[in-house]
Amino acid sequence: MSQIFDEVSKLYDPFLKAITFGGIDRWQKALIEFLDKEGNRLDVGTGTGEVLKKSTNRGLKVGIDLSMGMLKKAKDKCPYCYFLLADAENMPFKELSFRTITLSLVFRHIEDKRAFLKEAYRVLEEGGQIGILDINKFAGTKLLSFLMRYPLKPLGLLLFGRERWDFFLHSLENSLSTLEVKRYLEGEGFRVSRLNRYMLGIVYVLRADKT
Ligand SMILES: C[S@@+](CC[C@H](N)C(=O)[O-])C[C@H]1O[C@@H](n2cnc3c(N)ncnc32)[C@H](O)[C@@H]1O
């Protein structure tokens, strides 16, 4: 998967703005506002570093990703942030290193979600928070899937090529419902304390607290 994100890294930001009709900025701001604890922040699957660039938390801003292409873009955009090539399922950090963790459009890509959540629990301070922004498997999933299969397909193919476009479609169609995400979180010691839906329920932002 990292190869796909390496390849798309140059065009990733304009593509994301286009496909979300600019909504990504609002949703990422909501994700950041949901997390009201100050301190070190870890952005998992940071991509081009946009969430850390927008973050105003006091403390360290650290991003991890499996794609070196994405991380290079991130470092250009956010020179005062720290970026590492690392796997969400096996993080190179000590216990209790972070106050907050963010994931923007990443949770559904993580293969072993339980392994990741165990790691998130380990590296979060007591009372720490995790914020997740992602695509919801809901009534809107079918609509977006239709848009990507038909009207948006020419733009998608032009920007990304067939293989990558099919991958995005596949990952949309593999998205989880908020109920499924909540079950994952509660199974690993987190409690969902805020949840908002956007764009007719296609997108959700939630906050969960380490209990
Ligand atoms: C759709 S992009 C989202 C990037 C960014 N967070 C954003 O909102 O634009 C998903 C990112 O997650 C990364 N990723 C997927 N699985 C990962 C894992 N297990 N560990 C770290 N990063 C991962 C990918 O390399 C990719 O850069």
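One structure accompanies this document, and this report is about it. (Residues numbered from 1 in each chain as written. Predicted model: local features only at pLDDT ≥ 70, side-chain atom pairs only at ≥ 80, totals over all residues. Heavy atoms only, no water.)

**Comments concerning the packing of aromatic side chains**
Taken as a whole, this structure holds 9 aromatic pairs when the rule is applied. With a centroid separation of 5.0 Å and an interplanar angle of 85°, the aromatic rings of F93 and F98 are classed as edge-to-face. Of the residues examined, F93 reaches a relative accessible area of 14% and is grouped as buried. Residue F98 is classed as buried on the basis of its relative accessible area, which comes to 4%. Here the aromatic rings of F107 and Y184 are separated by 6.2 Å at their centres, their planes lie at 80°, and the arrangement is edge-to-face. Of this pair, F107 sits in the loop between strand 4 (98-104) and helix 6 (113-123) while Y184 sits in helix 9 (residues 178-187), and the two are 77 residues apart along the sequence. Residue F107 is classed as buried on the basis of its relative accessible area of 1%. Pairwise contacts between aromatic rings join F15, F160, W165 and F168 into one cluster. Over the ring of F34 we find R194, and its NZ or CZ is 4.0 Å from the ring centre. When the ring centre of Y121 is taken as reference, the NZ or CZ atom of K210 above it lies at 4.4 Å. (Phe/Tyr/Trp six-rings, centres within 6.5 Å; stacked < 30°, edge-to-face > 60°. Buried < 20%, exposed > 50% of the residue type's maximum accessible area, 1.4 Å probe, protein only. Helix = DSSP H or I, 4+ residues; strand = E, 2+ residues; numbered from the N terminus. Lys NZ or Arg CZ within 6 Å of the ring centre and 35° of its normal.)

**Some remarks on the side chain of R41**
Within the secondary structure, R41 is located in strand 1 (residues 41-44). In this structure R41 is buried but unpaired, with E38 as the nearest side chain of opposite charge at 6.8 Å. Excluding residues within four positions of it along the chain, R41 makes contact with I32, L35, L52, S55, N57, L60, K61, V62, F98, T100 and T102. (Lys, Arg positive; Asp, Glu negative; His and termini not counted. Salt bridge = Lys/Arg side-chain N within 4 Å of Asp/Glu carboxyl O. Contact = heavy atoms within 4.5 Å.)

**Concerning the site of the ligand**
Near the ligand you find 19 residues, and of these Y12, G45, D65, D87 and S104 are the closest. Taking Q28, its side chain carries an N or O atom lying 3.2 Å from an oxygen atom of the ligand. Interatomic distance of 2.9 Å between a backbone N/O atom of A88 and a nitrogen atom of the ligand. About the coverage of the ligand: the protein hides 97% of its 600 Å² of free accessible area. Here the ligand is seated within the largest pocket. (Near = heavy atom within 4 Å. Polar contact = N/O pair within 3.5 Å; in protein donor to acceptor, adjacent residues only side chain to side chain. Areas by Shrake-Rupley, 256 points an atom, 1.4 Å probe, with all protein chains shown as cover. 1 Å grid on protein atoms, 1.4 Å probe; cavity = no way out; pocket = protein on both sides within 12 Å on 5 of 7 lines; lining within 4 Å. Sits in = over half its atoms within 2 Å of the grid points.)

**Things to note about the pairing of strand 6 (residues 190-198)**
In this structure, strand 6 lies alongside strand 7 (residues 203-210), joined through 8 bridges in antiparallel fashion. Residue pairing across strands places L195 opposite L206, the latter belonging to strand 7. Hairpin geometry of strand 6 and strand 7 is characterised by an intervening segment of 4 residues between the two adjacent antiparallel strands and by a positive phi of about 50° at M199. (Pairing = 2+ DSSP bridges.)

**Describing the nonpolar core**
Counting residues in each nonpolar core, the largest one holds 30 residues, and the members touching the most others are M148 and F168. When contributions to this core are tallied by element, the ones reaching two or more residues are helix 1 (2-8), helix 2 (12-19), helix 3 (23-34), strand 5 (124-135), helix 7 (139-149), helix 8 (153-173) and strand 7. With sequence-adjacent residues up to four places away left out, M148 is seen in contact with I19, K153, W165, F168, L169 and L172. Residues L42, V44, I64 and V123 belong to the second largest nonpolar core, which totals 29 residues. (Core = buried A, V, L, I, M, F, W, Y, C linked by side-chain atoms within 4.5 Å.)

**Points about the side chain of T178**
By the secondary structure assignment, T178 is in helix 9. When its relative accessible area of 11% is taken as the criterion, T178 is described as buried. Polar side-chain contacts of T178 include one of 2.9 Å to the side chain of R197. When residues no more than four places from it in sequence are discounted, the contact partners of T178 are N136, L195, R197 and Y204.

**Looking at the layout of surface pockets**
Sizing a probe to match a water molecule and rolling it over the atoms shows the empty space that remains. Each pocket or cavity is described by its volume, and for the largest pocket that value is around 880 Å³. F5, Y12, S104, L105 and H109 are the residues nearest the centre of the largest pocket, which is lined by 50 residues in total. For the lining of the largest pocket, the element with the most residues is helix 2, which contributes 6 residues. Of the residues assigned to the lining of the largest pocket, the class counts are 26 nonpolar, 12 polar and 12 charged. (Points joined across faces, edges and corners; volume = space filled by probe spheres on them. Nonpolar A, V, L, I, M, F, W, Y, C, P; charged D, E, K, R; others polar.)

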